[in-house]
Amino acid sequence: MAVRRAAPSRWRRLREAVSVDRLQQCLFSPELCAPMAALLLLAECVINVAVIERVKYTEIDWRAYMQEVEGVYNGTLDYSRLGGDTGPLVYPAGFVYIFLGLYHITSGGANMRLAQYIFMAIYLANWALVSRLYVRSKKVPPYVLAVMSLTSYRVHSIYVLRLFNDPVAMLLLYASINCFMDARWSLGSLLFSLGVSVKMSVLLFAPALLLAYLYTLGFWGTVKQLTICGGVQVALGAPFLAAAPVAYLRGAFDLGRVFQYQWTVNWRCLAEEVFLDRRLHVLLLALHLIVLALFAQGRWRRFLSAFGRLQATGGPEISCQLLLLPLFTANLIGMAFARSLHYQFYVWYYHSLPYLLWSAPFAPVTRLCLLGVIELCWNTYPSTPLSSAALHCCHLVLIAGLWRTGGLLSQVAPPARAQKLKK
């Protein structure tokens, strides 16, 4: 009789597990992101293998990367004498060491299939790190992770069909954010600086990170973290600084580099002479700094000070929302006012877009429409005046929506009286 009773019990549990209510929760409840993230990680393994095996590789920068690091391998440490088919070497020393390792592993860059599978591993590691942020924050419904994973051919292409250095930098960036979220600040600073040493685009997160240091660690804690960041750059660049310091600093940290109009995604709506005009660059920089200052004073100061208190007192896991939103918003602002965005730059903010959209007070349909239009703009090649204008509109709408996130503090942080009682 006991056996007969057990069977219906198992059947009942199975029916409950696959019930309509349970399936709806698995798709729409932010608290249940973990199963979806794990399932999508397995799906991504299959998708990336299929892309590598069935879609033709396109050469853009990989050969130039190999030529640049080959010069270092042959003993050249003067950055002014290092370059490839696409021009001079313009990345810091961390890029050189990582791609020099890839140079050796892939037989001088000739073993393309092995390189693609290495970048597939980078993609999967990046997905795991991003998924952990979404799972911990409980901000976004699970079905949005599926949209993010399965709908962007461009992102898969950037990783496994183009082999750009941007994915490597973003992997280190997301690893650092996970460390910050876990209060492992020194390790996070180390990883963040390593990301900067691969590509300076990671510095777009720096304004919000600086505030996070100040409000979480205090003045001397901030000094310590900045020392770690600076020390990493000095240590990695030491051989090049010793050989030709001016050439290294000019080559690796050239903030005034001129971008080519033919590759721009965001400024095709302007004539080329306007695109190259220095006055436009100064205006964009001024707007960038003004918007950063407004958010820092009007939003991030409150969010990050609350995050610092909650992290110190063992607050709820979702308090990481107070850290993630300023970091992701700072990066978005930097991209919105960038002098030029190229197609590979999409990965700079692609995995943070759902988080930002679900942080803004938009209806779900509006969020999905914005995500779709942004995806369409980045997949329009060559870009057009319409696609560039649409991308700017989406950025501005999203930034305006994020300005209205003042209620986030009351959703995540406990009331001040509760905090005092807890202490």
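Below or above, wherever it landed, is the structure these notes cover. Given the structure is predicted, the values throughout are model-derived calculations rather than measurements.

## Thoughts on the overall build of the chain
Across its full length, the chain holds 20 helices and two strands. Taking 2.2 N^0.38 as the reference for a compact globule, 423 residues should give roughly 22 Å; the C-alpha atoms of the chain span a radius of gyration of 23 Å, in line with that estimate. Overall size of the chain, expressed as C-alpha extent along the three principal axes, is 80 × 55 × 45 Å. Expressed as a percentage of the 423 residues in the chain, the buried residues total 52%. When contacts within the chain are restricted to residue pairs at least 6 apart in sequence, long-range pairs at least 24 apart make up 77% of them. For the chain, the computed accessible surface area is about 19000 Å², with 66% contributed by carbon and sulfur atoms. The averaged location of the 19 negative side-chain charges in the chain is 15 Å from the averaged location of its 37 positive side-chain charges.

## Describing unusual backbone geometry
With an omega of -10°, the peptide bond between Tyr381 and Pro382 qualifies as cis. For Pro382, the position within the fold is in the loop between helix H17 (364-378) and helix H18 (385-403). Located in the positive-phi region is Ala183, a residue other than glycine, with phi close to 65°. As for its placement among the helices and strands, Ala183 is situated in the loop between helix H9 (166-181) and helix H10 (185-198).

## Let's talk about the nonpolar core
Counting 138 residues, the largest nonpolar core has Trp62, Phe99 and Trp378 as its most contacted members. It is H9 that contributes the most residues to this core, twelve residues altogether. Setting aside residues up to four positions removed in sequence, Phe99 forms contacts with Trp62, Tyr65, Met66, Val69, Phe119, Leu163, Phe164, Asn165 and Val168.

## Overview of the environment of Phe275
Position of Phe275 among the secondary structure elements: in helix H13 (residues 272-275). Sequence-wise, Phe275 and Tyr355 are 80 residues apart; in three dimensions their C-alpha atoms are separated by 31 Å. Excluding anything up to four places from it in sequence, Phe275 contacts Phe259, Gln260, Tyr261, Thr264, Trp267, Leu280, His281, Arg339 and Ser340.

Procedures and definitions
- Residues numbered from 1 in each chain as written.
- Predicted model: local features only at pLDDT ≥ 70, side-chain atom pairs only at ≥ 80, totals over all residues.
- Heavy atoms only, no water.
- Helix = DSSP H or I, 4+ residues; strand = E, 2+ residues; numbered from the N terminus.
- Rg over C-alpha atoms; globule rule 2.2 N^0.38 Å.
- Buried < 20%, exposed > 50% of the residue type's maximum accessible area, 1.4 Å probe, protein only.
- Contact = heavy atoms within 4.5 Å.
- Areas by Shrake-Rupley, 256 points an atom, 1.4 Å probe, with all protein chains shown as cover.
- Lys, Arg positive; Asp, Glu negative; His and termini not counted.
- Charge placed at Lys NZ, Arg CZ, Asp CG, Glu CD.
- Core = buried A, V, L, I, M, F, W, Y, C linked by side-chain atoms within 4.5 Å.

Worth remembering: the numbers are spatial, not functional.
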